[in-house]
Amino acid sequence: MKLRSVILAPVMAVALLSSVGSGQEPGWSGQVIAFGAQREQIRSTPIEQRPYRPLHFYGNAVRRAYYHGSALPRAADVVRGSAVLISR
């Protein structure tokens, strides 16, 4: 039990601290491929303000670099992205 709490405490601290400071960051969109009017709306939006979308590695990396200072995803990003995929 003690070993579990020693491992779990830093993991929880990283998860909680990584979600701080997201500001006006865009949310996740569940659609991988957009069609019609939604596609045109996304294309007319600057890349930093577009919603995160599953499998859109370049755009998601640009947004993470813009909002977080690093293109690498944080634990919270992985959880949010997988929750969008699972909810569909």
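Helix length check: helix α3 (residues 57–68) (twelve residues) gives 16 Å between terminal C-alpha atoms against 16 Å at 1.5 Å per residue, within 8%. Within the sequence span of α3, burial applies to G59, N60, R63 and R64. Around the axis of α3, the buried residues are gathered within 135 degrees of arc, so they sit on the same side. Across from the buried face of α3, at angles greater than 90 degrees, the exposed residues are F57, Y58 and Y66.

Within the fold, R64 resides in helix α3. The buried category is assigned to R64, whose relative accessible area is 11%. Leaving out residues up to four positions away in the same chain, R64 has contacts with Y52, G69, S70, A71, L72, P73 and D77.

A few words now on unusual backbone geometry. A positive phi is found at L55, a non-glycine position, where the angle reads about 70 degrees. Relative to the elements of secondary structure, L55 occurs in the loop between α2 (36–43) and α3.

Reading the values: the criteria
Residues numbered from 1 in each chain as written. Predicted model: local features only at pLDDT ≥ 70, side-chain atom pairs only at ≥ 80, totals over all residues. Heavy atoms only, no water. Helix = DSSP H or I, 4+ residues; strand = E, 2+ residues; numbered from the N terminus. Expected span 1.5 Å × (residues − 1). Buried < 20%, exposed > 50% of the residue type's maximum accessible area, 1.4 Å probe, protein only. Arc of directions from axis to C-beta. Contact = heavy atoms within 4.5 Å.

By themselves, these figures tell us nothing about what the structure is for.
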